[in-house]
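# Structure assessment
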Amino acid sequence: RAGEAVPAAQKSSWTSFMKSLAGFTGDLSAMTAPPFILSPTSLTEFPAYWCERPELFAAIADGKTEQTRALAVLKWFISTLKGQYTSRNESMGSEKKPLNPVLGELFYGYWPANEARGGKTTLVVEQVSHHPPITAYRIENIAKGVILTGHNAQKTSFSGGSIIVKQVGHAVLAVSLPSGQTEEYLITLPRLRIDGLWYGSPYIELAEMSYIQSSTGWLSTIEYKGKGYFSGKSHTFKATLTPPPHGSSEPTVIEGTWHTNSKDVHTGAVFHDVTSPKEEVTVAPIEEQCEWESRKLWFGVAKGIREGDFETAATFKGKIENDQRQRRRDEATANKTWELKHFQYIESDPVYEHLGKLFKANPPTEDAYVYLNNGPPS
Ligand code: HCR
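Quick summary incoming for the structure in this document. (Residues numbered from 1 in each chain as written. Predicted model: local features only at pLDDT ≥ 70, side-chain atom pairs only at ≥ 80, totals over all residues. Heavy atoms only, no water.)

### Looking at the site of the ligand
Every one of the 18 residues lining the ligand counts as a neighbour, but Gln 84, Arg 88, Glu 95, Gln 167 and Ile 204 are closest to it. The side chain of Arg 88 places a nitrogen or oxygen atom 2.9 Å from an oxygen atom of the ligand. The separation between an oxygen atom of the ligand and a polar side-chain atom of Glu 95 is 3.5 Å. Across the complex, the protein chains shield 97% of the 610 Å² of accessible surface that the ligand would expose by itself. Those elements giving two or more residues to the shell around the ligand turn out to be α3 (66–92), β7 (146–159), β8 (162–168) and β11 (191–195). With three residues, α3 is the largest single contributor of residues to the shell around the ligand. Residues that form the shell around the ligand fall into these classes: 11 nonpolar, four polar and three charged. (Near = heavy atom within 4 Å. Polar contact = N/O pair within 3.5 Å; in protein donor to acceptor, adjacent residues only side chain to side chain. Areas by Shrake-Rupley, 256 points an atom, 1.4 Å probe, with all protein chains shown as cover. Helix = DSSP H or I, 4+ residues; strand = E, 2+ residues; numbered from the N terminus. Nonpolar A, V, L, I, M, F, W, Y, C, P; charged D, E, K, R; others polar.)

Shown next, in the form of C-alpha cells:
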C-alpha cells in the first residue's frame, strides 16, 4: 500500500516530497526530504565500496595474460555492485538520502596489508564540487601496482514513479606489469532506477549497459536487467568479455545476479560470489581527524539522525551550511576560488578519449580529476 513504510507522522511530508519529485530534473541531493529517509553517511564515503573485497582488487595484478587480467577486472567490478547499491537496504532497511558533502570535504581510509592482498590499500576521497555534487577518489595498492582513479556525479529525473539517476563520470584502473608497462581500463557506470518510492521504501535497480575497455583491446559489456527481463529476477546482469578485433579467442559470457553470484555460461564455473562477508574500510578515530574529514565534520548531524533527534541534526546541518555560505562570500570578496587539495581538474581525460573511441563511448570526451599524489602518509 502507498506509503506503508512511512512513519505515520511523516506521511504528509513524504507525499509533498513525492509531489516535488514529479517533473524534477537536477540536483536531488539538495532537496529537503523527511527525516525517516535520511542517512547519517556522507556521499564522500561511497567510493570505499570499490574496495570492500581488497583481495579481488589486488588479484587483478596476478593475471598472467591480457585476457585473465581483463576477467579479473570484470570479477572485481561485478563484486563491488552489491555494496554500492544494496548496502543501505541491508543496514538501514531501505535506500536513504546520503548527507550532501560540502566543497573540500575529505574521506581517508585504508584496508590493511595481509598475505592474500600483498599490500595496504589506501583510499583518498575529496568533494571537488558542491553544485553539482562531484566526488573524486583514488584507491591504491602500491605493492601490487593496482590503482583506481575516478569521479562521480549524478543527473536525476523522475519517470513512471521512479527516480532515474544517470551517473556522470568514469573511473580508470591502472595495472603496472612486471614488464614495466601499464595496462589501463576505462570503466563507465550503470544507470540507476530508484524504485519502491510509492511505498516509502526505496531500493536501487541497475539498468542499461556499462563498459570496461582495456588498453589491450579486451572489452567487457555489461547489461543490467531487473525483475521480469532475462530471468525474472532482480539485479540480473549479463557480461560479455570480447577479445580485441581480429583476435582468435572466443568471447566469455557471464550471467547471474550481481548481489549474489554468477556463472560462466559455457563452462558452468562460478564466476563471482559475494555471499561471504565484505571488509569495510578502516578509518582513523574521530579525535584524530581534521575538521574537513567527513565523519568529524558531520558528527553532530549523523548522531542526531542515528538517535532520531532531528532537531539537533538540523541545527548542526544549519551551522555547516552557514559556514559554507560565509566561506563562499569571503572568497568572492577576496576574488579567490576554492583550491582543491588532492586533485586537479582537466577538461578532457586523454584515457577516456582514447579508450572510449574503441567502444564508441557516449559522450566521446569527459572531464576528470587528476590525483596529485599527496594523500596522507601511510
Ligand atoms: C542517487 C544516490 C546518490 C548517488 C549514489 C551513488 C551513485 C554514488 C556513487 C557510488 O559509487 C554508487 C552510488 C550508489 C547510490 O545508490 C546512489 C544514491 C542512491 C540515492 C541517492 C540520492 C541522491 C537520494 C535519493 C533520495 C531517495 C532515497 C528518496
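### Here's the deal with the pairing of strand β14 (residues 236–242)
Judged from the seven bridges that link them, strand β13 (residues 219–225) and β14 form a sheet pairing that is antiparallel. Bridged to Ile 222 within β14 is Ala 239. Pairing geometry for β14 and strand β15 (residues 252–257), over six bridges, is antiparallel. When the sheet's bridge partners are listed, Ala 239 is paired in β15 with Ile 254. (Pairing = 2+ DSSP bridges.)

### Brief notes about unusual backbone geometry
Cis geometry marks the peptide bond from His 131 to Pro 132; its omega dihedral reads 0°. For Pro 132, the location among the structural elements is in the loop between β5 (121–129) and β6 (134–141). The omega torsion across Asn 362 and Pro 363 is 5°, close enough to zero to call that bond cis. The phi torsion at Lys 360 lies on the positive side, around 55°, for a residue other than glycine. Within the secondary structure, Lys 360 is located in the loop between α7 (350–358) and β19 (368–371).

### Here we look at the nonpolar core
Grouped together as the largest cluster of nonpolar side chains are 59 residues, with contacts concentrated most on Trp 76, Phe 77, Leu 148, Leu 173 and Ile 222. When residues in this core are grouped by element, the largest group, nine residues, is from α3. Not counting the four nearest positions on each side in its chain, Leu 173 is found in contact with Phe 57, Ile 60, Val 73, Trp 76, Val 146, Ile 147, Leu 148, Glu 183, Glu 184, Tyr 185 and Ile 187. (Core = buried A, V, L, I, M, F, W, Y, C linked by side-chain atoms within 4.5 Å. Buried < 20%, exposed > 50% of the residue type's maximum accessible area, 1.4 Å probe, protein only. Contact = heavy atoms within 4.5 Å.)

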